[in-house]
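Notes for the structure review
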Amino acid sequence: MKITDAKVIVCSPGRNFVTLKLTTEDGITGLGDATLNGRELAVSSYLTDYVLPLLVGRDARRIEDTWQYLYKGAYWRRGPVTMSAISAVDTALWDIKAKSLNVPLYQLLGGASREGVLVYGHASGDDLDATVTAVGRYIQLGYKAVRAQSGIPGMKSTYGVGRGDMYYEPAEKDAPPENTWSTEHYLNFVPGLFARLRHEFGPEVHLLHDAHHRLSPIEAARLGKALEPHHLFWLEDPTPAELQERFRLIRRHTTTPLAVGEVFNTIYDCQHLVQEQLIDYIRTTVVHAGGITHLRKIAALAEPYQVLTGSHGATDLSPVCMAAALHFDLSVHNFGIQEYMRHTPETDKVFSHSYYFQDGWMHPGEKTGLGVDMDEALAAQFPYRRAYLPVNRKLDGTMHDW
């Protein structure tokens, strides 16, 4: 089953996406997401200029061999651009293989380990009252788990607070916005936010919070301890994890569950975090960590250490990646939860899909392969437009240290 055609499609139906489409001599097509938020064209070029010429003529069934070939053969390993490109190829090959066998992808990954995939939504507001209202709205929609983010008194802007009702996109067109940050204001405010949420909604709903890598280890430990009475599902990205040892200090001081990994690219980024049980959830995702093939290896490493998965699922992951994540989630034994940010109607029209949400759970559906199709003609009506994620500065104007 040789690959006869490979192309990259860049479009922007609500936000920018990079999609790889592979076609075999049998006429079977496979899709892979290659979107790297704020650096999309770097991955597009990597694929078009260096990877696609190597794919035509290869056997589409040799998924593991192709993964190793692209990872080890390039000499320059790892990094978000390389791993996003490899992910797109890997996901497209899994899509093709499942279609060729006329089964939904999760059946090739060992079958379903559960009936559905628990997901969490994003509730946010400019202030405490608005955030409480937003959390209540998600609960009314049937969500059993909600991430809560709020504007912080004394700060003009706060990263992670959405500007829309259900569709939050942090990247902004043309030039990167600059957010201000005060750790003192943040640490004084957040425990009260979750005290209010527990008072309003009781103990049953799962509440999550993202610190967006803004804290030092001791500050993260202080926050985790302050949040213990409100029993969060997790505290996400409390501090950057380039230095994995940082999490030892946090772990010593709080029992609040910890999640990290959406910016990780390989298994080596989380090896010590997992083996020392310094985290409870690993958040690596299909598109940025080398595809389904590599994500399965990360999950296998995590399982004996009782670390669960909690894959990133923001709007910069196209429906192609969302579907791949759900097939992975449904099959892997040590699944924990899946982030789910709804795409805009324009995105859903370009990428029609079989996955669905119901009563707080999601399922990838029973369509063969990933269960996602792309309308290329419609995609062409949404041209790429450069966008950036915000830059973070402290109140005194310096770049944030962490």
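Residues numbered from 1 in each chain as written. Predicted model: local features only at pLDDT ≥ 70, side-chain atom pairs only at ≥ 80, totals over all residues. Heavy atoms only, no water.

So, helix H10 (residues 319–331)
The condition that has to hold: Helix and strand assignments come from DSSP, with helices taken as H or I runs of at least 4 residues and strands as E runs of at least 2, each series counted from the N terminus. Here a helix's expected span is defined as the number of its residues, less one, multiplied by 1.5 Å. Relative accessibility thresholds used throughout: buried, under 20% of the residue-type maximum; exposed, over 50%; partly exposed, between the two (1.4 Å probe, protein chains only).
Here H10 contains 13 residues, and its C-alpha end-to-end distance of 18 Å stays within 8% of the 18 Å for a straight helix at 1.5 Å per residue. Taken across its 13 residues, H10 has 13 buried, putting it largely inside the fold.

Focus: the sheet that holds strand E2 (residues 17–24)
Applied cut-off: Here the rule is simple: two strands pair whenever DSSP picks up at least two bridges between them. Interaxial angles span 0 to 180 degrees and are taken between N-to-C directions of axes, which are lines fitted to C-alpha atoms, for helices over the stretch in contact.
Overall, antiparallel pairing links the three strands, which are arranged E1-E2-E3 in an open sheet. With one partner strand each, in any of the chains shown, strand E1 (3–11) and strand E3 (29–33) form the two edges of the open sheet. Averaged over all adjacent pairs, the angle separating strand axes in this sheet is 20°, with direction ignored. Relative to E2, E1 runs antiparallel, the two being bridged by eight bridges. Across the sheet, Val10 pairs through a bridge with Val18, a residue of E2.

A few points about the packing of aromatic side chains
Just so we agree on the cut-off: Aromatic rings from Phe, Tyr and Trp, taking only the six-membered ring of Trp, are treated as a pair when their centres fall within 6.5 Å; an angle between ring planes under 30 degrees marks them as stacked, one over 60 as edge-to-face, and anything in between as tilted. Distance and angle both matter: a charge sits over a ring if NZ of Lys or CZ of Arg is within 6 Å of the ring centre and within 35 degrees of the ring normal.
Tallied over the full model, the rule gives 12 aromatic pairs. With centroids separated by 5.5 Å and ring planes inclined at 85°, the aromatic side chains of Tyr120 and Trp234 adopt a geometry described as edge-to-face. With Tyr120 in strand E4 (residues 117–125) and Trp234 in strand E9 (residues 234–236), this residue pair connects regions lying 114 residues apart in the sequence. With a relative accessible area of 0%, Tyr120 lands in the buried category. Overall, the relative accessible area of 0% leaves Trp234 in the buried class. Taken together, the aromatic side chains of Tyr120, Phe233, Trp234 and Tyr281 make up a single cluster linked through ring pairs. Lying over the aromatic face of Phe17, Arg15 brings its terminal NZ or CZ to 5.5 Å of the ring centre. Across from the ring centre of Trp67, 5.4 Å away, lies the NZ or CZ of Lys297, which sits over that ring.

A short note on the packing of helix H6 (residues 217–227) against helix H7 (residues 246–253)
Let me state the cut-off plainly: For this classification, under 35 degrees means roughly parallel, over 145 means roughly antiparallel, 65 to 115 means roughly perpendicular, and everything else is oblique. Crossing handedness is defined as follows: a turn of the near helix away from the far one that is anticlockwise and smaller than a right angle gives a left-handed crossing, while the clockwise case is right-handed. Residue contacts are counted whenever heavy atoms from the two residues lie within 4.5 Å of one another.
The interhelical angle for the contact between H6 and H7, taken along N-to-C directions, is 25°, at an axis separation of 8 Å. As far as their axial angle goes, H7 and H6 are roughly parallel. By crossing handedness, the relation of H6 to H7 is classed as right-handed. Counting all contacts with H6, which are made through Pro217, Ile218, Ala220, Ala221 and Lys225, the residues of H7 involved are Arg246, Leu249, Ile250 and His253.

Concerning the environment of Ser331
Selection criterion: We define a polar contact as two N or O atoms separated by no more than 3.5 Å, with the added condition that, inside protein, one atom must be a possible hydrogen donor and the other a possible acceptor, whereas residues neighbouring each other in sequence contribute only through side-chain atom pairs.
With respect to the helices and strands, Ser331 occurs in helix H10. For the pair Ser331 and Gly110, spaced 221 residues apart in sequence, the C-alpha to C-alpha distance is 6.2 Å. Contacts of Ser331, omitting those with residues within four sequence positions, involve Tyr106, Leu109, Gly111, Ser113 and Arg114. At 3.2 Å, the side chain of Ser331 forms a polar contact with the backbone oxygen of His327.

Considerations on the nonpolar core
Quick reminder of the rule: Buried Ala, Val, Leu, Ile, Met, Phe, Trp, Tyr and Cys residues that are joined via side-chain atoms within 4.5 Å together make up what is termed a nonpolar core.
Among the nonpolar cores identified, the biggest contains 121 residues, and Leu22, Leu47, Tyr186, Phe194 and Phe247 are the most heavily contacted of them. Looking at this core, the element that brings in the most residues is helix H3 (residues 80–100), giving 10 residues. Setting aside chain neighbours within four positions, we find Phe194 in contact with Ala148, Leu207, Leu208, His209, Leu227, His230 and Leu232.

What about the pairing of strand E7 (residues 178–181)?
With burial as the criterion, only one face of E7 is covered, namely that bearing Asn179 and Trp181; the residues Glu178 and Thr180 on the opposite face remain uncovered. Two elements, E7 and strand E19 (residues 391–394), share four bridges in a ladder whose sense is parallel. Opposite Asn179, over in E19, you have Asn392 as the bridge partner.

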